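Each chain, written out:
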Amino acid sequence: MTEIVLGVGASHSTLMNTHWEKTHHKDRAERFRDALGEARDALAAARPDTVVLVGSNHFRGFWLDLIPSFTIGVDECVASGESGTPKGPQPVDRPLALHLAGSLVERAGFDVAFSARLQIDHGQSHAIQYLLDGLDVGLVPLVVNVFAPPLPTLDRCERLGRAIREAVLAFPGDRRVAVIGSGGLSHRLPWPDWRAPDGEDEEFMVDAWRHGRNNWQDYDVRRREIIRAAEAALNPGFDEEFLSWIEQGQAHRVTEYTTEELEKVAGNGAQELRTWLLMAAALDHIPGRRLAYEPMPEWLTGMGVAVLDPAQTKERQS
């Protein structure tokens, strides 16, 4: 019997790797890092065989020549390795990945894209680095488009999470499956709407997104300079509210926002909360446990970690 044994939501930032010593709020940074370690320990205790790893793409695995709303990696998966994150081939649970891709199309009405040679970036490899370190697990990587509008609606992501749950539980094998949602919380990246760039920096960014497939490294120095020059735009009040929804099993309430409303209140980086929402739906919206929330202006991001544990839910109900 295949079962879903744990869910984890966690923010990511490559600035953890590249600018740790320049971080002013070191106490906050250490609490967040410790929470990642606690989530990693929870994953180890849950003994998953496979992790469905839901993350975003920062125009290092996908470019404007082709941006699907949802893409499942079904065979080869390679991490780009930027900013000290893992690099190279990652282990994919091919039977489960193919099962999910087929079931979502044939039974759930989701025309998800698939890739037999998927490249991921820190939107997922950050979780591999900090949450899966030392764990012997296969992956089913799922990339959600959260940065190249038009984006899949929040409601569509929630429904996809429910469909993934049904497909995983119907897998005709014996798997212990965990689900990780990587991204968020509130933050604003200095990234333009690719349809209407304004100014030299925005033109540069869109050019990188159009033409970076074979040479994204050539754009990376200036790209990171633009990011490091950006001012933080966090909304701790929104982040606290969202995490309270996670704790109450009500993450679906974020679907009350339109894409435009979510960006206005929490920044374009908050569109990554689609990954948390999808994870929570795959866990049937059971109540979660918040491990940390730390507003990190040096990392431009409100950093959160939460765990959804079906075993603990059953214990409370018994």
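Placed above this text is the structure.
Residues numbered from 1 in each chain as written. Predicted model: local features only at pLDDT ≥ 70, side-chain atom pairs only at ≥ 80, totals over all residues. Heavy atoms only, no water.

Student: How would you sum up unusual backbone geometry? Please name residues and give values.
Tutor: The omega torsion across P149 and P150 is 10 degrees, close enough to zero to call that bond cis. Note on placement: P150 falls in the loop between β6 (138-144) and α5 (154-169). A cis geometry characterises the amide bond from G184 onward to L185, with omega recorded as 0 degrees. Within the fold, L185 resides in the loop between β7 (176-182) and α6 (200-211). Look at S83: it is not a glycine, yet its phi comes out positive at around 55 degrees. With respect to the helices and strands, S83 occurs in the loop between β3 (70-80) and β4 (87-89). On the basis of relative accessible area, S83 is assigned to the buried category, the value being 16%. The phi angle at D284 is positive, at roughly 60 degrees, despite the residue not being glycine. Along the chain, D284 falls in the loop between α10 (273-282) and β8 (289-296). Residue classification places D284 among the partly exposed positions, given a relative accessible area of 41%. (Helix = DSSP H or I, 4+ residues; strand = E, 2+ residues; numbered from the N terminus. Buried < 20%, exposed > 50% of the residue type's maximum accessible area, 1.4 Å probe, protein only.)

Student: Pulling in residues and values, what's your account of the packing of aromatic side chains?
Tutor: Within the structure shown, the criterion is met by 10 aromatic pairs. Arranged with centres 5.8 Å apart and planes meeting at 55 degrees, the rings of F204 and Y219 form a pair that is tilted. Taken together, the residues span a long stretch of sequence, with F204 in helix α6 and Y219 in helix α7 (residues 217-228) at a distance of 15 residues. Under the relative-accessibility criterion, F204 is labelled buried at 15%. With 5.8 Å between their ring centres and 80 degrees between their planes, F238 and Y257 make a pair best called edge-to-face. Of this pair, F238 sits in helix α8 (residues 236-248) while Y257 sits in the loop between α8 and α9 (259-266), and the two are 19 residues apart along the sequence. By relative accessible area, which is 3% here, F238 ends up buried. (Phe/Tyr/Trp six-rings, centres within 6.5 Å; stacked < 30°, edge-to-face > 60°.)

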